[in-house]
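Listed below, chain by chain, are the residues.
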Amino acid sequence: CMAYIASQRGEGWHPLNTHYDDGGFTGANTDRPGLQQLIRDIKQGLVNCVVVYKVDRLSRSLLDFSQLLEFFDKHSVSFVSVTQNFNTKTSMGRLTLNILLSFAQFEREIIGERTRDKMAASRMKGKFVGGLIPFGYRLDRERHLLVPNPPYDEQVRFIFESVLREENVSKVLDVLNAKGIGFPERKLRHGGVWQARPISRAHLYRIIHNPTYIGQVLYKGKIYEGEHEGIISRETYDKVQ
């Protein structure tokens, strides 16, 4: 790599003092300290060409490789593989890049189709496949199953009972506000916080029409029996509807 850079000195190339090495780490993923440092330095404008001995030194995953090349292109960084005559500064290198990216796009679409098919099959079996956890439930991560979450499951029961008693959405909202019943604060996976807030009219309608509360799953307009336990009886749910 150093010899190649030296051969390009007439083009104004010169090596950085930093080497981005990941000895002992697999090239099957991008979670490697040297690569992550390279990405940070590119974002800071410290690098304008990445030189490797072979393409698989950057990544062995075609999907990761294509995403890295798109990242390089976004930051006007060239990529050179010394032993494979791969240089995105040349027309042949760019052609090779486009072929690789086409296959990577195909791979992404195939993965997407498989994921959608798997999620659809899981929904039809009544499994929880992710998304916002309904009010009154929590996720048992070991079993990947929705389970009632006290005391909020009792609040859900109170909401349904209040609808039957008051028979008026506005009055129900007044009762809930008076009792301080609302959505609790939630910590999100990326570190953010979803602030506590009262139940709005739209939220209330979403709760009382959600078949999750009787142990069922709604998917593409069809109802399937869920794996989780219901919070509300079928009789109460039907009366509310």
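Residues numbered from 1 in each chain as written. Predicted model: local features only at pLDDT ≥ 70, side-chain atom pairs only at ≥ 80, totals over all residues. Heavy atoms only, no water.

(A) View of the overall build of the protein chain. Counting its regular elements, the protein chain contains 8 helices and 11 strands. Taking 18 Å as the expected radius of gyration for a compact globule of 241 residues, we find that the protein chain reaches 27 Å, considerably beyond that expectation. Referenced to the eigenvectors of the C-alpha coordinate spread, the extents of the protein chain come out at roughly 85 × 35 × 30 Å. Counting across all 241 residues of the protein chain, residues that qualify as buried make up 38%. A sequence separation of at least 24 residues applies to 54% of the contacts in the protein chain between residues at least 6 apart. Counting every atom, the protein chain has about 15300 Å² of accessible surface; 50% of that belongs to carbon and sulfur. For the protein chain, the distance from the average position of its 34 positive side-chain charges to the average position of its 27 negative side-chain charges is 2 Å. (Helix = DSSP H or I, 4+ residues; strand = E, 2+ residues; numbered from the N terminus. Rg over C-alpha atoms; globule rule 2.2 N^0.38 Å. Buried < 20%, exposed > 50% of the residue type's maximum accessible area, 1.4 Å probe, protein only. Contact = heavy atoms within 4.5 Å. Areas by Shrake-Rupley, 256 points an atom, 1.4 Å probe, with all protein chains shown as cover. Lys, Arg positive; Asp, Glu negative; His and termini not counted. Charge placed at Lys NZ, Arg CZ, Asp CG, Glu CD.)

(B) Representation of a nonpolar patch on the surface. Taken together, the side chains of Met92, Leu95, Ile99 and Phe103 present a nonpolar region at the surface, about 430 Å² in accessible area. Mapping phenylalanine 103 onto the fold places it in helix α4 (residues 91–124). (Patch = residues over 30% accessible without salt bridge, like charges linked within 9 Å, V, L, I, M, F, W, Y side chains within 5 Å. Salt bridge = Lys/Arg side-chain N within 4 Å of Asp/Glu carboxyl O.)

(C) Broad picture of the sheet that holds strand β2 (residues 78–81). Spatial ordering of the open sheet is given by β1-β2-β3, a layout of 3 strands whose pairing is mixed. Looking along the sheet, the strands with just one partner apiece sit at the ends: β1 (49–52) and β3 (86–87). Pairing between β2 and β3: 2 bridges, direction antiparallel. Its bridge partner being in β3, valine 80 is matched across the sheet by asparagine 87. (Pairing = 2+ DSSP bridges.)

(D) Spotlight on the pairing of strand β4 (residues 137–140). Inspection of the sheet shows β4 paired to strand β5 (residues 145–148) by 4 bridges, in the antiparallel sense. Each residue of the ladder has a partner; that of arginine 138, found in β5, is valine 147. Counted along the chain from β4 to the antiparallel partner β5, the turn is 4 residues long, and its residue histidine 144 has a positive phi close to 50°.

(E) The arrangement of the environment of glutamine 216 in detail. Secondary-structure assignment places glutamine 216 in strand β10 (residues 216–219). Taking the relative accessible area as the measure of exposure, glutamine 216 reaches 9% and is therefore buried. Spatially, the C-alpha atom of glutamine 216 lies 4.4 Å from that of glycine 226, the residues being 10 residues apart in sequence. Among all residues touching glutamine 216, those that are not within four sequence positions of it are Pro211, Ile223, Tyr224, Glu225, Gly226, His228 and Arg234. Of the polar contacts made by the side chain of glutamine 216, one reaches the side chain of glutamate 225; its length is 2.8 Å. (Polar contact = N/O pair within 3.5 Å; in protein donor to acceptor, adjacent residues only side chain to side chain.)

(F) Representation of the packing of aromatic side chains within the structure. Enumeration over the complete set of coordinates arrives at 10 aromatic pairs. Ring centres of tyrosine 137 and tyrosine 213 lie 5.9 Å apart, and the angle between their planes is 20°; this geometry places the pair in the stacked category. Taken together, the residues span a long stretch of sequence, with tyrosine 137 in strand β4 and tyrosine 213 in the loop between α7 (201–208) and β10 at a distance of 76 residues. Assessed through its relative accessible area of 4%, tyrosine 137 is described here as buried. An aromatic cluster of at least three residues, connected via ring pairs, comprises Phe65, Phe71, Phe72 and Phe79. (Phe/Tyr/Trp six-rings, centres within 6.5 Å; stacked < 30°, edge-to-face > 60°.)

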